[in-house]
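As a plain string of letters, each chain reads:
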Amino acid sequence: MSEIIKIRRRILQENDHKASQLREQFKNEGTLVVDLVSSPGSGKTTLLEKTIQHFSERLDCAVLVGDVATELDANRLQAAGAPAHQIVTGGACHLDAHLVAAGLEQANFDEVDMLFLENVGNLVCPTSYDLGEDFKVVLLSAAEGEDKPAKYPAIFTRAAVCLITKSDLFPYVDFDLDVARQNIKAHNPNCRILELSAKTGAGMDAWCNLVKERLKVKRTVVV
Ligand SMILES: Nc1nc2c(ncn2[C@@H]2O[C@H](COP(=O)(O)OP(=O)(O)OP(=O)(O)O)[C@@H](O)[C@H]2O)c(=O)[nH]1
Ligand SMILES: [Mg+2]
C-alpha cells in the first residue's frame, strides 16, 4: 500500500472515531443532525434560512456552517433567527468530525432539537467524512444539469435524501427531471428525492415534514 493511501486511511479512521463520539453525544441529547452537501451555490443556506423560519415557533434549530472564507453564511442564518456558527476552513474543501466538535465547543449552543451542518460547497470531498450526522442530504439545483448524479456518484450513493432545488427555474433551464431522478436512483434506489423551491416555498412543507418525522423516529428509538 502506498504511503499516501496509508495516510488517507489513517485520517479517515481518526475521523470515524471522532464521528462516533459525536453521534453518541447527539443521541444522548436527542438532537437530530443533518449534513447538507452540494456544489457551491445550490441553495443550502437559503434552504436553511427558510427551514429555520418554518420551525421557529415549534422546534429549536442551530447551524454549523463551513466555508473556505468569510462568515457571510453564519450572518445570514443568524439573521434568519437561529444560533449559527461559522467554521472557516481556510482552504479545506469539506468539514470533518474534528472541525464539527471544535465548532460546537466554540459555538456553545444550548441543546437543540435539530442541528444542521452546512458543508463546504463541494460535491466530492465531503462524501467520505462522517460527521456523526443522522443522515446526509445532497442538493442538486435545476441550473446544474441532470447529469451530476452520474458524474459525481459517491455523494448521491451515500445521501439518504436528494433535494432538487430551485424548482422555480424549471421553465427557464434545460433540466430533465426524469433523467435526473433516474441518475440518482441508478446509484441509490432508496434515496428519497424531493423537488423544492426555497424561493417560492413550493415543496418546503414536504422537506420540513421529512425532517420532523426523522426527529420523531430518533426520539422514539432513544427513549
Ligand atoms: N431562483 C432561485 N434561486 C435560489 C433558490 N435558492 C437559492 N437561490 C439563490 O441561489 C444563490 C445561492 O444560494 P445559497 O443559498 O447561498 O447557496 P449555497 O449552497 O449556500 O452556497 P455556498 O454556501 O456558497 O455553497 C443565491 O443567489 C440564492 O438567492 C431558489 O429556490 N430559487
Ligand atoms: Mg451557503
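Cut-offs used in this document
- Residues numbered from 1 in each chain as written.
- Chains lettered and ligands numbered in written order.
- Predicted model: local features only at pLDDT ≥ 70, side-chain atom pairs only at ≥ 80, totals over all residues.
- Core = buried A, V, L, I, M, F, W, Y, C linked by C-beta atoms within 7 Å.
- Buried ≥ 20, exposed ≤ 12 C-beta atoms within 10 Å, placed from the backbone.
- Contact = placed C-beta atoms within 7 Å.
- Helix = DSSP H or I, 4+ residues; strand = E, 2+ residues; numbered from the N terminus.
- Expected span 1.5 Å × (residues − 1).
- Pairing = 2+ DSSP bridges.
- Axes fitted to C-alpha atoms, helices over the stretch in contact; angles between N-to-C directions.

Quick look at the nonpolar core
Step number 1: By size, the foremost hydrophobic cluster in this structure holds 51 residues, and its most contacted members are Val34, Val63, Phe116, Leu117 and Val138.
Step number 2: Ignoring sequence-local partners within four residues, the contact set of Phe116 consists of Val34, Leu36, Leu48, Cys61 and Val63.

With respect to unusual backbone geometry
Step number 1: Here the phi dihedral of Thr70 falls at roughly 80 degrees; this positive angle occurs in a residue that is not glycine.
Step number 2: One can find Thr70 in the loop between β2 (61–67) and α3 (72–79).
Step number 3: For Thr70, a count of 10 C-beta atoms within 10 Å translates into the label exposed.
Step number 4: At Asn108, a residue that is not glycine, the phi angle is positive and equals roughly 50 degrees.
Step number 5: Residue placement: Asn108 occurs in the loop between α4 (97–107) and β4 (114–118).

A short note on helix α2 (residues 44–55)
Step number 1: The end-to-end C-alpha distance of α2, which contains twelve residues, comes to 16 Å, matching closely the 16 Å that a straight helix rising 1.5 Å per residue would cover.
Step number 2: Those residues of α2 not exposed but buried are Lys44, Thr45, Leu47, Leu48, Glu49, Lys50, Thr51 and Ile52.

Comments concerning the sheet that holds β4
Step number 1: Strand order in the open sheet made by the seven strands is β3-β2-β4-β1-β5-β6-β7, with parallel pairing throughout. Of all the strands in the sheet, the pair left with one neighbour each is β3 (84–88) and β7 (192–195). Recorded for the sheet is a direction-independent mean angle of 20 degrees between the axes of neighbouring strands.

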